[in-house]
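Topology and contacts: notes
As a plain string of letters, each chain reads:
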Amino acid sequence: DLALVASVLALGIPYVGICRGHQMLNIACGGNLFQDVMLDGIADQSHDCDLHPVETMPESASRSLYGHAVDVRSEHHQAVRRIGRNMRVAAISSDGVVESIEHTAHSFVLGVQWHPEHAVDRDGDRIAEGLVQAASRQAA
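Let me begin by describing the structure that accompanies this report.

About the cut-offs
Residues numbered from 1 in each chain as written. Predicted model: local features only at pLDDT ≥ 70, side-chain atom pairs only at ≥ 80, totals over all residues. Heavy atoms only, no water. Helix = DSSP H or I, 4+ residues; strand = E, 2+ residues; numbered from the N terminus. Expected span 1.5 Å × (residues − 1). Contact = heavy atoms within 4.5 Å. Core = buried A, V, L, I, M, F, W, Y, C linked by side-chain atoms within 4.5 Å. Buried < 20%, exposed > 50% of the residue type's maximum accessible area, 1.4 Å probe, protein only. Phe/Tyr/Trp six-rings, centres within 6.5 Å; stacked < 30°, edge-to-face > 60°. Salt bridge = Lys/Arg side-chain N within 4 Å of Asp/Glu carboxyl O. Pairing = 2+ DSSP bridges.

Because each turn of an α-helix spans 3.6 residues, side chains separated by three or four positions in sequence point in the same direction. With 17 residues, helix H4 (residues 123–139) ought to run about 24 Å at 1.5 Å a step, and its terminal C-alpha atoms sit 25 Å apart, in line with that. The inward-facing, buried residues of H4 abut strand S1 (15–18), helix H3 (61–66), strand S4 (69–75) and strand S8 (109–112).

Right, dumping it as structure tokens:
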């Protein structure tokens, strides 16, 4: 998995990492993870849960896709601890858990901790549409 993410980054291919793919993106860029958000004391509630809100950061791909905030479905117990090289936080939950990251040197390399395929009201489609648009621009 790490070799695949490293190849995607080296080739400049648009990428979306979901849940574990989000974590692998951060690790591939030299970051690390909290092993358990509850046991490590960084979250006040489980992130293996139903809907919860995340706030997107200004000028991020997540903000352009979702606006200021979005309700997401998570199923994780690990989370980004130290952000990797050339990465930035793109969204956080209300308890401060990093929910989205993006690469600063690529036009569309995005990781989301949540599961957009379980979204309500087509919110999950926004990431897929963003990826297709980025790939189309690159191919042109």
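Our focus in this paragraph is the nonpolar core. The nonpolar side chains of a soluble globular protein tend to be buried with one another. Counting residues in hydrophobic clusters, the biggest one holds 13 residues, and the most contacted among them are Val5, Leu9, Tyr15, Leu25 and Ile101. If you list the elements that add at least two residues to this core, you get helix H1 (2–11), helix H2 (20–28) and strand S7 (98–103). The biggest single contributor to this core is H1, with three residues. Not counting the four nearest positions on each side in its chain, Tyr15 is found in contact with Val5, Val8, Gly21, Leu25, Phe108, Val109, Leu110 and Leu131.

Turning next to the packing of aromatic side chains. Considering all chains together, one arrives at one aromatic pair under this definition. Judged by centre distance (5.9 Å) and plane angle (75°), the rings of Tyr66 and Trp114 are edge-to-face. One end of the pair, Tyr66, is in helix H3; the other, Trp114, is in the loop between S8 and H4, and 48 residues separate them in sequence. The pair Tyr66 / Trp114 is uniform in exposure class, with both members buried.

Two side chains bearing opposite charge may form a pair once their charged atoms approach each other closely. Per the stated rule, a full pass over the model turns up two salt bridges. In this structure, Glu102 and Arg88 form a salt bridge, with 2.5 Å as the shortest nitrogen-oxygen distance. Here the residue Glu102 occupies a position in strand S7, and Arg88 occupies one in strand S6 (residues 87–93), the gap between them amounting to 14 residues. By relative accessible area, Glu102 is classed as buried at 4%.

Further remarks concern the pairing of S6. Sheet topology places S6 next to S7; five bridges connect them, and they run antiparallel. For Arg88, the partnering residue across the bridge sits in S7 and is Glu102. The turn linking S6 back onto S7 is made up of four residues, and Gly96 within it adopts a positive phi angle of 95°.

Our focus in this paragraph is unusual backbone geometry. Although it is not a glycine, Cys19 adopts a positive phi angle of roughly 55°. Tracing the backbone through its elements, the reader meets Cys19 in the loop between S1 and H2. Assessed through its relative accessible area of 12%, Cys19 is described here as buried. Look at Asn86: it is not a glycine, yet its phi comes out positive at around 60°. Residue placement: Asn86 occurs in the loop between strand S5 (79–82) and S6. Residue class for Asn86 comes out partly exposed when judged on its relative accessible area of 47%.

So far we have only geometry, and geometry alone does not tell us how the molecule works.
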